[in-house]
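Okay, here's what each chain looks like letter by letter:
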Amino acid sequence: MSLSQKIFEAGVVGAGGAGFPTHVKAKSQVEYMIANGAECEPLIHKDYEIMLHHAKEIVNGLELMMAETGARKGVFGIKSKNALAIEAIENAYSNGKIRTLQLGDFYPTGDEYELVYEATGKLIPPHGIPLDIGAVVNNVETLYNISRAAEGIPVTEKFVCVTGAVKNPSTFFAPVGISFGELIEHCGGTTVENFGIFIGGLLMGTLTFDLNEVVTKTTTGIIILPQDHYMIQRMNRSINDMNRIGKSACDQCSYCTEFCPRYLLGYDVQPHKVMRSLEFTKSGNAVWNLYADLCSSCGLCSLYSCPEDLYPREACDQSKAELKSQGIKYEQVKPLKVHPVRDGRKVPLKQLMKKLNVTHYNFQTPFRDEKLMPGSVRVPLKQHVGAPAVPVVKKGQPVKKGDLIGDIKEGTLGAKVHSSINGIIKEINNKYILIDKI
Ligand code: SF4
Ligand code: SF4
């Protein structure tokens, strides 16, 4: 069986948050195979910990992918501040085709467009993917999963970082489908009574108050913050309120554009113009929406650059959705060229954490090699880009950890889903499969 077939069978998807089915990437032919260990969301350190403790598997995953895709160059993108992770990774490779690219501690260094440019000196074309310039990027945890897939082990666990207002901030493997409530319990509980949970990060993640939400193959971690924290208050506003405030307070200073990482790389993203779609000019949305189309939703404009604390990212998200619904794609006219002041405008993570008022939550999150044994798991059928998996089990059926429970037709974009515990199928619907432990 080829590596891409083994990856398909194991249900491997991008573990850094994107969830793109990895077997598709394994089928390409490229020059560069890039390992993304840049991890730039504040407070989350799961990539650092997995590199520290599973460097051998990660390097093996990269080497397997290089062999499969014909890549002649392997690059590990890791922040220079993570010296121990760099040492662990470098000790694990002896392949002369692999090198480490040390990155500065900026946000969003881990963005694919940023990383590919740093690693290759090439810019991905507007609306493009790394493959367009002969590269494939995989998160370091995805490479770990590829290494295991090569041995026939499916993805049933997710490496997660649980941090913020919890008693024991830490990183560990959690069964896919375990609830956030159980993750928090595993970390000794919260240090505050009322709290909100950021899933996957403060900038690009989402906010929930629901302890029953579950870990998927793309959950990088959860961050607990007190309910009266600036970030929760800010993100818990309705979109109507965000728009209303933006419409009345945006003074078109353009700081959001001047600090936009995509704009600085040369893409025609201009959030200050997108803000005009909130109807404080007479021109219609059709004019202003276009300047959002190449936005990555990194969140920097809303959470760092705007001196008025407005929501340009959210305005961009609305504009992108509108363009998509109308089937419009912005074709960049201006030449793709890195802005000369890009280096001077990079945003240090320390500054960003200060602005978000989370510096005091920037704990170490050491790896705990302990098995979690939940009483039940709720395994979502769609944890990836593409079509949801189709259940292949019946209610009352016993399953073992690693058994296939949701399948994808070959040739369809998607990923297989496996049971993450030994148990009995309790419930099946079009969203998830509930399994009770036996
Ligand atoms: S930085 Fe804020 S105030 Fe300035 S143009 Fe952008 S959204 Fe408007
Ligand atoms: S979210 Fe804002 S800063 Fe980030 S890419 Fe989009 S417009 Fe630029």
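The rules we used
Residues numbered from 1 in each chain as written. Chains lettered and ligands numbered in written order. Predicted model: local features only at pLDDT ≥ 70, side-chain atom pairs only at ≥ 80, totals over all residues. Helix = DSSP H or I, 4+ residues; strand = E, 2+ residues; numbered from the N terminus. Buried ≥ 20, exposed ≤ 12 C-beta atoms within 10 Å, placed from the backbone. Pairing = 2+ DSSP bridges. Axes fitted to C-alpha atoms, helices over the stretch in contact; angles between N-to-C directions. Contact = placed C-beta atoms within 7 Å. Near = placed C-beta within 6 Å. Nonpolar A, V, L, I, M, F, W, Y, C, P; charged D, E, K, R; others polar. Domains from an automatic or database assignment. Core = buried A, V, L, I, M, F, W, Y, C linked by C-beta atoms within 7 Å. Arc of directions from axis to C-beta. Parallel < 35°, antiparallel > 145°, perpendicular 65-115°, else oblique. Left-handed = near helix turned anticlockwise from the far one by under 90°.

Peer 1: With reference to specific residues and values, describe the overall build of the chain.
Peer 2: Helix and strand counts for the chain stand at 17 helices and 18 strands. Its C-alpha atoms give the chain principal-axis dimensions of about 60 × 50 × 45 Å. Burial statistics for the chain: of 438 residues in total, 52% are counted as buried.

Peer 1: Mind laying out the sheet that holds strand S2 (residues 73-79), listing which residues take part and the relevant values?
Peer 2: Reading across from one edge, S3-S2-S1-S5 is the order of the 4 strands in this open sheet, with parallel pairing throughout. The two strands at the open ends of the sheet, each matched to only one other strand, are strand S3 (98-103) and strand S5 (135-139). Each neighbouring strand pair of the sheet contributes to a mean axis angle of 25°, computed without reference to strand direction. Summarising the sheet, S2 and S3 pair through 6 bridges and their orientation is parallel. Across the sheet, residue Gly74 finds its bridge partner in S3, namely Ile98. Those strands touched by helix H4 (residues 55-69) are strand S1 (32-37), S2, S3 and S5, and its axis lies near 155° from that of S1. The strands touched by helix H6 (residues 112-120) are S1, S2, S3 and S5; relative to S1, the strand with the most contacts, the crossing angle is about 125°.

Peer 1: An account of the environment of Glu370 is needed here, citing residue identities and associated values.
Peer 2: With respect to the helices and strands, the residue Glu370 is situated in the loop between helix H17 (349-356) and strand S12 (376-380). Distance in space between the C-alpha atoms of Glu370 and Pro130 is 36 Å, their sequence separation being 240 residues.

Peer 1: Before we move on, could you go through the site of ligand 1 and cite the residues and values that matter?
Peer 2: Around ligand 1, 15 residues are found, and the nearest of them are Cys250, Cys253, Cys256, His272 and Cys306. Looking at the shell around ligand 1, the elements with two or more residues in it are helix H11 (255-258) and helix H13 (271-274). The class makeup of the residues in the shell around ligand 1 is 9 nonpolar, 4 polar and 2 charged.

Peer 1: Before we move on, could you go through the domain arrangement of the chain and cite the residues and values that matter?
Peer 2: Parsing the chain into structural domains produces domain 1 (3-149), domain 2 (157-229 + 358-368), domain 3 (239-356) and domain 4 (375-438). Contacts between domain 1 and domain 4 engage 6 residues on the former and 10 residues on the latter.

Peer 1: Break down the site of ligand 2 for me, with residues and values.
Peer 2: Around ligand 2, the structure places 15 residues, and the nearest of them are Cys260, Cys295, Cys298, Cys301 and Arg313. Element by element, the count of residues in the shell around ligand 2 is highest for helix H16 (residues 312-325), at 3 residues. Counted by class, the shell around ligand 2 contains 10 nonpolar, 3 polar and 2 charged residues.

Peer 1: I'd like to hear about the nonpolar core, residue by residue, with values.
Peer 2: Formed by 126 residues in total, the largest nonpolar core has its most connected members in Ile34, Ile58, Ile89 and Leu183. The greatest single-element share of this core, amounting to 7 residues, is contributed by H4. Sequence-distant contacts of Ile89, defined by excluding residues within four places in its chain, comprise Met51, Ala55, Ile58, Val59, Phe76, Ile78 and Thr100.

Peer 1: Can you tell me about the pairing of strand S10 (residues 221-226), naming the residues and giving the values?
Peer 2: Along S10, 5 of the 6 residues are buried, which leaves the element largely enclosed by surrounding structure. Relative to S10, strand S6 (residues 157-164) is paired through 4 bridges, and the arrangement is parallel. Residue pairing for S10: Val162 is matched across the bridge by Ile222. Relative to S10, strand S8 (residues 195-199) is paired through 5 bridges, and the arrangement is antiparallel. Within S10, the residue paired with Gly196 across the bridge is Leu225.

Peer 1: Summarise the sheet that holds strand S13 (residues 390-391); cite the residues concerned and give the values.
Peer 2: Adjacent strands of a sheet form backbone hydrogen bonds with each other and so pair up, either parallel or antiparallel. Sheet architecture is open: 3 strands sit in the order S13-S15-S16, paired in antiparallel fashion. Bordering the open sheet on either side are S13 and strand S16 (417-418), each of which pairs with just one other strand. When strand S15 (residues 404-407) meets S16, the two strands line up antiparallel, connected through 2 bridges. Bridging from a neighbouring strand, Gly406 pairs with Val417 of S16.

Peer 1: Quick one: what's the story with H17, residue by residue and with numbers?
Peer 2: By the burial criterion, the buried members of H17 are Leu349, Leu352 and Leu356. Down the axis, H17 shows its buried residues gathered within 60° of arc, on one side only. Elements in contact with the buried residues of H17: strand S4 (106-107), helix H9 (230-235), helix H15 (300-305) and strand S11 (347-348). Asn357 sits one or two positions beyond H17 and adopts a positive phi of about 60°.

Peer 1: An account of the packing of H4 against helix H5 (residues 83-92) is needed here, citing residue identities and associated values.
Peer 2: The geometry of H4 relative to H5 is characterised by a closest axis approach of 8 Å and an angle of 55° between their N-to-C directions. In terms of orientation, H4 and H5 fall into the oblique class. Remark: the crossing between H4 and H5 carries right-handed chirality. For the pair H4 and H5, contact is made by Ala55, Lys56, Ile58 and Val59 and by Ala88, Ile89, Asn91 and Ala92, respectively. The class makeup of the residues in the contact of H4 with H5 is 6 nonpolar, 1 polar and 1 charged.

Peer 1: Now, about the packing of H4 against helix H7 (residues 140-149): what can you tell me, with residues and values included?
Peer 2: Running from amino to carboxyl end, H4 crosses H7 at an angle of 75°, the nearest separation of the two axes being 7 Å. Judged by the angle between their axes, H4 and H7 are roughly perpendicular. Only Val140, Leu143, Tyr144, Ile146, Ser147 and Arg148 of H7 make contact with H4, whose side of the interface consists of Glu57, Ile58, Asn60, Gly61, Leu62, Leu64 and Met65. Looking at the contact of H4 with H7 residue by residue, the class counts come to 8 nonpolar, 3 polar and 2 charged.

Peer 1: Could you give an account of the pairing of S8, naming the residues involved and the relevant values?
Peer 2: The element S8 is largely enclosed, with a buried count of 5 among its 5 residues. Here S8 shows two buried faces, one formed by Phe195, Ile197 and Ile199 and the other by Gly196 and Phe198. Judged from the 3 bridges that link them, S8 and strand S9 (residues 206-208) form a sheet pairing that is antiparallel. Pairing of Ile199 across the sheet is with Thr206, part of S9.

Peer 1: Give me the lowdown on the environment of Arg313, citing residues and values where you can.
Peer 2: Secondary-structure assignment places Arg313 in helix H16. With 27 C-beta atoms counted inside 10 Å, the residue Arg313 sits in the buried group. Spatially, the C-alpha atoms of Arg313 and Ile408 are 34 Å apart, while their sequence positions differ by 95 residues. Excluding anything up to four places from it in sequence, Arg313 contacts Ser297, Gly299, Cys301 and Ser302.

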